[in-house]
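Architecture and fold: a report
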Amino acid sequence: TCMSQAGGNSGKYVTEALLKTGRHTVTAITRLDSTSALPDGVEVKKVDYENQSSLVEALQGQDALIITMGTMAPPDQQTKLIQAAADANLSWILPNEWSPDSANEALVKDVFIFGKMQKARELITKLGKSSFIAVTTGFWYEWSLAISASYGFDFANRIVTLFDDGETKISTTTWPQVGRAVANLLSLPIHSEGDDVDRCLDRFRNGHVYVSSFTVSQRDILDSVLRVTQTSLGDWKVTKEPVKERYSKGIEVMQKGDRKGFVRMMYSRVFFPDDCGDYEKTKGTVNDLLGLPKEDIDEATDVAIRRSKEVSWS
């Protein structure tokens, strides 16, 4: 298995979970100037993204390529990796998804960045050498909750902004669950064995895999926050904002070059009352098939609150 950004936010947890199975050899693809700390047991191949042959060489002999990169990564970086995977005859690619449902047409139409995911899948199919599995995780819980522009919680000032009435449910996943999902997925046999036709990679070939930790509303999250902080509702200032208005304002601010506008636009869209953020309801998850555990939301909320003190922008 080959990982891009094995030391990144989700990449770190995916790498650790793969190693923990004892069934995978993990190779990290890193830039020549990268100083990312990587877990013990990871092989490292330094590459030059301007030299396609170095990417192909790094991918030779691998079974799968897992692409994890931030939204600010160069737009052609994933394209180069996908092309190199085809040239190296890789069987499987997990493209840079790790997001809300990029197969939801209305969501893709309104949030341009999810359209890039669709184009990546189309490229893999067009090249015809590899199969893709798009892992849909929703937004990362402990990352998103720590940033007030995302899920609407300003922990420093004890202010909560509810979108509409705060009752719209969305599916969201913790980093450890993302890691477990990928490790358990890639530990499945390629073809079905016996009567269990679903427990194999063929079942997900060129399709989406939906996993989650929690499908919750802002009010559900607020209940968890009150438990973790041992505060009452009266200790917080609770405001409301129409979610479609928040989305439109986010676009306006984004067009002026403010990154917070992009965040508000992107996050508020999954809270529209069209169930686009609740893929557990619309598509179902494979949590049980992959043997993923039920998690304690309060433990994840506690991680997010601690992270909020380290986040440099809100």
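Conventions we followed
Residues numbered from 1 in each chain as written. Predicted model: local features only at pLDDT ≥ 70, side-chain atom pairs only at ≥ 80, totals over all residues. Heavy atoms only, no water. Salt bridge = Lys/Arg side-chain N within 4 Å of Asp/Glu carboxyl O. Helix = DSSP H or I, 4+ residues; strand = E, 2+ residues; numbered from the N terminus. Core = buried A, V, L, I, M, F, W, Y, C linked by side-chain atoms within 4.5 Å. Buried < 20%, exposed > 50% of the residue type's maximum accessible area, 1.4 Å probe, protein only. Contact = heavy atoms within 4.5 Å. Polar contact = N/O pair within 3.5 Å; in protein donor to acceptor, adjacent residues only side chain to side chain. Pairing = 2+ DSSP bridges. Axes fitted to C-alpha atoms, helices over the stretch in contact; angles between N-to-C directions. Parallel < 35°, antiparallel > 145°, perpendicular 65-115°, else oblique. Left-handed = near helix turned anticlockwise from the far one by under 90°. Nonpolar A, V, L, I, M, F, W, Y, C, P; charged D, E, K, R; others polar.

For the rest of this paragraph, the subject is the pattern of salt bridges. Within this structure, the stated rule accounts for 18 salt bridges. In this structure, Glu-50 and Lys-80 form a salt bridge, with 3.3 Å as the shortest nitrogen-oxygen distance. Residue Glu-50 is found in the loop between strand E3 (43-47) and helix H2 (52-59), and its partner Lys-80 is found in helix H3 (residues 77-87); the two are separated by 30 residues along the sequence. By sharing partners, the salt bridges in this structure join Glu-50, Asp-76 and Lys-80 into a single network.

Residues Phe-114, Tyr-141, Leu-145, Tyr-151, Phe-153, Ile-221 and Met-266 are the most contacted members of the largest nonpolar core, which totals 42 residues. Filtering out sequence-adjacent residues up to four positions away, Tyr-151 remains in contact with Phe-139, Tyr-141, Ser-144, Leu-145, Thr-161, Phe-163, Ile-170, Thr-172, Gln-218, Ile-221, Tyr-267 and Phe-271.

Take the side chain of Arg-246 next. You can see Arg-246 is positioned in helix H10 (residues 243-255). Given a relative accessible area of 6%, Arg-246 falls into the buried group. Among the polar contacts listed, one links the side chain of Arg-246 to the side chain of Glu-241, at a separation of 3.0 Å. With residues near it in sequence (within four places) discarded, Arg-246 still touches Ser-148, Ala-149, Thr-161, Phe-163, Glu-241, Arg-264 and Ser-268.

This next bit is on the sheet that holds strand E12 (residues 214-216). Across the sheet, which stays open at both edges, the 3 strands sit in the order E7-E10-E12 with mixed pairing between neighbours. Edge positions in the sheet fall to strand E7 (139-140) and E12, since each has one partner strand and no second.

Below, the discussion takes up helix H11 (residues 259-270). Note that an α-helix has 3.6 residues per turn; residues three or four places apart therefore point the same way. Burial analysis of H11 places 9 of its 12 residues in the buried class, which makes it a mostly covered element. Listing the buried residues of H11 in full gives Gly-261, Phe-262, Val-263, Met-265, Met-266, Tyr-267, Ser-268, Arg-269 and Val-270.

Its identity as a non-glycine residue notwithstanding, Gln-230 has a phi of 55°, on the positive side. Looking at the secondary structure, you find Gln-230 in the loop between helix H9 (218-229) and strand E13 (237-241). Located in the positive-phi region is Asp-275, a residue other than glycine, with phi close to 65°. Topologically, Asp-275 is positioned in the loop between H11 and helix H12 (279-282).

So, on to the pairing of strand E9 (residues 159-163). The two faces of a sheet get side chains in turn, since along a regular strand they alternate between them. For E9, a buried count of 4 out of 5 residues is recorded, marking the element as mostly surrounded by other parts of the structure. Pairing between strand E8 (residues 153-154) and E9: 2 bridges, direction antiparallel. Bridge pairing in E9 links Asp-154 to Ile-159. Here E8 folds back onto E9 in antiparallel fashion, the turn holding 4 residues, of which Arg-158 has a positive phi close to 55°. By the bridge criterion, 5 bridges tie E9 to E13 in an arrangement that is parallel. Directly across from Val-160, in E13, lies its bridge partner Val-238.

With that settled, the discussion passes to the packing of H3 against helix H5 (residues 112-127). Running from N to C, H3 and H5 point in directions that differ by 20°, and their axes come no closer than 10 Å. As judged from the angle between their axes, H3 and H5 are roughly parallel. For H3 against H5, the interelement crossing comes out right-handed. Together, Gln-78, Thr-79, Ile-82, Gln-83 and Ala-86 of H3 and Ala-120, Leu-123, Ile-124 and Leu-127 of H5 make up the contact between the two elements. Of the residues contributing to the contact of H3 with H5, the split by class is 6 nonpolar, 3 polar and no charged.

So, about the packing of H2 against H3. In helix packing, the relevant descriptors are the interaxial angle and the interaxial distance, both defined with respect to the helix axes. As a packed pair, H2 and H3 sit with axes 8 Å apart at the nearest point and diverge in direction by 55°. The pairing of H2 with H3 is recorded here as oblique in orientation. In this structure, H2 crosses over H3, and the sense of that crossing is right-handed. Between H2 and H3, the residues in contact are Gln-52, Leu-55, Val-56 and Leu-59 and Lys-80, Leu-81, Gln-83, Ala-84, Ala-85 and Asp-87, respectively. Here the residues of the contact of H2 with H3 are counted per class, giving 6 nonpolar, 2 polar and 2 charged.

Glancing now at the side chain of Gln-177. Structurally, Gln-177 can be placed in helix H8 (residues 175-186). On the basis of relative accessibility, which here comes to 0%, the residue Gln-177 falls in the buried class. A polar side-chain atom of Gln-177 sits 2.8 Å from a polar atom in the side chain of Arg-180. Looking at Gln-177, its side chain comes within polar contact range of the main-chain oxygen of Pro-293, at 3.2 Å. Apart from the residues lying within four places of it in its own chain, the contact partners of Gln-177 are Ser-212, Ser-213, Asn-287, Leu-292, Pro-293 and Glu-295.

This is a description of form; function is not addressed.
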